[in-house]
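Single-letter residue listing:
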Amino acid sequence: MRHPSLDSVEWQDLRQLSLGETVYNIFLSLPFLLLSWWSAWQGWWLLALVATFFFFTAALRQAHDCYHRTLGVSKVATELMLFLLSITMLCSTHAIRHTHLNHHRDPLGDSDVEGNWARLPWYQAILGGGLFSIAIQWFGLTHGSRRNRMLVGFDLLLIFAVIATAFITMHPVLIYHVLVMILANIMVGFFAVWSVHHGCDDVVYARSERHPLINLLTFNLLYHIEHHLFPAVPTNHLPTLAKRLDVAAPQWTQQPVIPFLAAANQHQKSSVTQKSNASHLDI
């Protein structure tokens, strides 16, 4: 049930995607993946790592949109996309889909295997990241339907094939990709869950970032309370939804993902206001 304070927020018009937005969603991570592989082949490791960061972040957004059927493609295309993401991210996106949708049904509740990771101290959320990755996939495998278990099983076969090929051939690009994806999956619990839910409660259960550069670098994934309140809105349109929430129901959006950036931005706005007031007094 949606909270009454949200009744005045217009959002239905944000559900539709244009053809251009859909194409963008489908191919979002591909350029970064190709750049990371090419850079690794050239031995340009710093560029490879930067490209890999953006690939994994973009792929997280794509998988997330697939979970909520907001990528802009058919059901069959969504399943195929999840298989491709499982192969490249080296995690079972079909398993994580079940865990994530349960997270939406019971955010920060007793059954929320995903969201309750945010209750840990930050250093435990980082150090235990491998356990988090296993836990969210295991929950999806053991609690999903028979059909979903079959999909997860196919994910795991594909992942095993990629890892086995990497270590049999010892191809440097494949070895690089496997190692950095293992690291990325270890860190995802901190960056994708802890960062947007820590310090929240069962009323306002997620945070939202407003810094434009941070949102650009994370492909709008940090508009998180907006997503929880209106999960049918595609990620493409979350910035617009955020502006509407700030006007109609600002009590939901007062917890930033990166508090010190919000404080610095507020200080800057105050300084500008003071200078403007001083200028008017001089006139």
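Residues numbered from 1 in each chain as written. Predicted model: local features only at pLDDT ≥ 70, side-chain atom pairs only at ≥ 80, totals over all residues. Heavy atoms only, no water.

Notes on the overall build of the chain
Alright, step 1. Counting its regular elements, the chain contains 13 helices and 0 strands.
Alright, step 2. Sequence-ordered secondary structure for the chain, helices as α and strands as β, is α-α-α-α-α-α-α-α-α-α-α-α-α.
Alright, step 3. For the chain, whose C-alpha radius of gyration is 20 Å, the value lies close to the compact-globule estimate of 19 Å for 283 residues.
Alright, step 4. Oriented by its inertia axes, the alpha-carbon framework of the chain measures out at about 75 × 45 × 40 Å.
Alright, step 5. Within the chain, buried positions represent 47% of all 283 residues.
Alright, step 6. The contacts of the chain with a sequence gap of at least 6 include a subset with a gap of at least 24, amounting to 68%.
Alright, step 7. Carbon and sulfur atoms provide 69% of the accessible area of the chain, an area that totals close to 14900 Å².
Alright, step 8. Positive and negative charge centroids in the chain, built from 17 and 17 side chains respectively, lie 6 Å apart. (Helix = DSSP H or I, 4+ residues; strand = E, 2+ residues; numbered from the N terminus. Rg over C-alpha atoms; globule rule 2.2 N^0.38 Å. Buried < 20%, exposed > 50% of the residue type's maximum accessible area, 1.4 Å probe, protein only. Contact = heavy atoms within 4.5 Å. Areas by Shrake-Rupley, 256 points an atom, 1.4 Å probe, with all protein chains shown as cover. Lys, Arg positive; Asp, Glu negative; His and termini not counted. Charge placed at Lys NZ, Arg CZ, Asp CG, Glu CD.)

Quick notes on helix α5 (residues 93-105)
Alright, step 1. With 13 residues, α5 extends 18 Å from end C-alpha to end C-alpha; this agrees with the ideal 18 Å at 1.5 Å per step.
Alright, step 2. By the criterion of burial, α5 is predominantly enclosed, with 10 of the 13 residues buried.
Alright, step 3. By the burial criterion, the buried members of α5 are Thr93, His94, Ala95, Ile96, Arg97, Thr99, His100, Asn102, His103 and His104.
Alright, step 4. On its buried side, α5 packs onto α3 (45-67), α4 (75-89), α7 (129-143), α8 (146-169), α9 (172-197) and α11 (224-229). (Expected span 1.5 Å × (residues − 1).)

Some remarks on the packing of aromatic side chains
Alright, step 1. By the definition in use, this model includes 12 aromatic pairs.
Alright, step 2. Both rings, one in Phe54 and one in Phe219, keep their centres 6.4 Å apart while their planes meet at 85 degrees; by these two values the pair is edge-to-face. One end of the pair, Phe54, is in helix α3; the other, Phe219, is in the loop between α10 (212-217) and α11, and 165 residues separate them in sequence.
Alright, step 3. Pairing Phe190 with Trp194 gives two aromatic rings, centres 5.0 Å apart and planes at 15 degrees, and the pair type is stacked. (Phe/Tyr/Trp six-rings, centres within 6.5 Å; stacked < 30°, edge-to-face > 60°.)

As for the environment of Cys66
Alright, step 1. Tracing the sequence through the fold places Cys66 in helix α3.
Alright, step 2. On the basis of relative accessibility, which here comes to 0%, the residue Cys66 falls in the buried class.
Alright, step 3. In this structure the C-alpha to C-alpha distance between Cys66 and Phe132, which are 66 residues apart in sequence, comes to 21 Å.

A few points about the nonpolar core
Alright, step 1. Within the largest apolar cluster, 35 residues are counted, with the highest numbers of intra-cluster contacts made by Phe55, Phe56, Leu85, Met89, Leu90, Phe132 and Met181.
Alright, step 2. Among the secondary structure elements, those contributing two or more residues to this core are α2 (30-42), α3, α4, α7, α8 and α9.
Alright, step 3. Beyond its immediate stretch of four places on either side in the chain, Phe56 contacts Met89, Met181, Ala184, Asn185 and Val188.
Alright, step 4. Counting 20 residues, the second largest nonpolar core, distinct from the first, contains Leu14, Ala206, Ala249 and Trp252. (Core = buried A, V, L, I, M, F, W, Y, C linked by side-chain atoms within 4.5 Å.)

Some points on a nonpolar patch on the surface
Alright, step 1. Residues Leu19, Val23, Phe27, Leu30, Leu34 and Trp37 make up a contiguous nonpolar surface patch of roughly 580 Å² in combined accessible area.
Alright, step 2. Residue assignment for the nonpolar patch shows that the elements contributing at least two residues are α1 (19-27) and α2.
Alright, step 3. Considering the arrangement of structural elements, one finds Trp37 in helix α2. (Patch = residues over 30% accessible without salt bridge, like charges linked within 9 Å, V, L, I, M, F, W, Y side chains within 5 Å. Salt bridge = Lys/Arg side-chain N within 4 Å of Asp/Glu carboxyl O.)

As for the side chain of His224
Alright, step 1. By the secondary structure assignment, His224 is in helix α11.
Alright, step 2. With relative accessibility at 7%, the residue His224 sits in the buried group.
Alright, step 3. For His224, the side chain forms a polar contact with the side chain of His197, separated by 3.2 Å.
Alright, step 4. Not counting chain neighbours up to four residues away, the residues in contact with His224 comprise His103, Val196, His197, Ala206, Arg207 and Ser208. (Polar contact = N/O pair within 3.5 Å; in protein donor to acceptor, adjacent residues only side chain to side chain.)

Some remarks on the packing of α2 against α3
The packing of two helices is summarised by the inter-axis angle and the distance between the axes.
Alright, step 1. It is at 8 Å that the axes of α2 and α3 come closest, and there the two elements cross at 160 degrees. By the angle between their directions, the pair α2 and α3 is classed as roughly antiparallel. Both α2 and α3 take part in a crossing whose hand is left-handed. Residues Phe32, Leu33, Leu35, Ser36, Ser39 and Ala40 of α2 form the contact with α3, whose own contacting residues are Trp45, Leu47, Ala48, Ala51, Thr52, Phe54, Phe55 and Ala58.
Alright, step 2. Class assignment of the residues belonging to the contact of α2 with α3 gives a composition of 11 nonpolar, 3 polar and no charged. (Axes fitted to C-alpha atoms, helices over the stretch in contact; angles between N-to-C directions. Parallel < 35°, antiparallel > 145°, perpendicular 65-115°, else oblique. Left-handed = near helix turned anticlockwise from the far one by under 90°. Nonpolar A, V, L, I, M, F, W, Y, C, P; charged D, E, K, R; others polar.)

A closer look at the pattern of salt bridges
Alright, step 1. Throughout the structure, instances matching the rule amount to 6 salt bridges.
Alright, step 2. A salt bridge links Glu79 to Arg97, with the shortest nitrogen-to-oxygen separation between them at 3.0 Å. One end of the pair, Glu79, is in helix α4; the other, Arg97, is in helix α5, and 18 residues separate them in sequence.
Alright, step 3. A relative accessible area of 10% means that Glu79 is categorised as buried.
Alright, step 4. Residue classification places Arg97 among the buried positions, given a relative accessible area of 11%.
Alright, step 5. A salt bridge links Arg210 to Glu226, with the shortest nitrogen-to-oxygen separation between them at 2.8 Å. Here Arg210 is found in the loop between α9 and α10, whereas its partner Glu226 is found in helix α11, with 16 residues between them in sequence.
Alright, step 6. Judged by its relative accessible area of 30%, Arg210 falls in the partly exposed class.

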